[in-house]
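Structural features, examined
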Amino acid sequence: MDSASGNVIAAALIALAVGLAFIAGCALYYGRQINSRKISMQWGPDGEPTWFAPRLIGLWSSFGVTAILSAFLLVLALHKPHKVTALIVATVSVIGANMWVQLYHLKRVIRWQAETPAI
């Protein structure tokens, strides 16, 4: 692997660290505002939750998905240096999408919780 590829992978690792810190920060910050033992994970067209997960899974699943997918893509980048740019773009896209999903999801849970009696 040449130094340019190494620099790109280092930048992706920094993006991963920042993304995971953001997702963890959201889980900690917004998790304090969620007082139910189960968290709604998906909503139907009527705006009502379609299924719930235990609080721990609801708060931290995005962190786990981001870490696992990013690690997989970064390992691929190390083993397929000719595809490093595409794999790093995919990694950064996964990180960015999961940051947005975590923020949106937890804010949505809090809003739904305020409108609905505790479960």
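Since the model is a prediction, treat every value here as computed from it, not as a measurement.

Among the secondary structure elements, arginine 108 is positioned in helix α3 (residues 84-115). Although arginine 108 is buried, it forms no salt bridge, and the closest oppositely charged side chain is glutamate 115 at an N-O distance of 6.7 Å. Look past the residues within four positions of arginine 108 in its chain and what remains in contact with it is Trp43 and Gly47.

It is at 9 Å that the axes of helix α2 (residues 55-79) and α3 come closest, and there the two elements cross at 175°. Judged by the angle between their axes, α2 and α3 are roughly antiparallel. On α3, the residues that touch Gly58, Leu59, Ser62, Val65, Thr66, Leu69, Ser70, Leu73, Leu74, Leu76 and Ala77 of α2 are Val84, Leu87, Ile88, Ala90, Thr91, Val94, Ile95, Asn98, Gln102, His105 and Leu106. Per-class residue counts for the contact of α2 with α3 are 14 nonpolar, eight polar and no charged.

Next up on the list: the pairing of strand β1 (residues 38-43). In terms of strand pairing, β1 meets strand β2 (residues 49-54) through five bridges, oriented antiparallel. Bridge pairing links lysine 38 to proline 54 in β2. The turn linking β1 back onto β2 is made up of five residues, and glycine 47 within it adopts a positive phi angle of 85°.

Moving on, we get to the environment of threonine 116. Looking at where threonine 116 falls in the secondary structure, it is placed in the segment after α3. Sequence separation of threonine 116 and glutamate 48 is 68 residues, and the distance between their C-alpha atoms is 9.8 Å.

Scoring rules and cut-offs
Residues numbered from 1 in each chain as written. Predicted model: local features only at pLDDT ≥ 70, side-chain atom pairs only at ≥ 80, totals over all residues. Heavy atoms only, no water. Helix = DSSP H or I, 4+ residues; strand = E, 2+ residues; numbered from the N terminus. Buried < 20%, exposed > 50% of the residue type's maximum accessible area, 1.4 Å probe, protein only. Lys, Arg positive; Asp, Glu negative; His and termini not counted. Salt bridge = Lys/Arg side-chain N within 4 Å of Asp/Glu carboxyl O. Contact = heavy atoms within 4.5 Å. Axes fitted to C-alpha atoms, helices over the stretch in contact; angles between N-to-C directions. Parallel < 35°, antiparallel > 145°, perpendicular 65-115°, else oblique. Nonpolar A, V, L, I, M, F, W, Y, C, P; charged D, E, K, R; others polar. Pairing = 2+ DSSP bridges.

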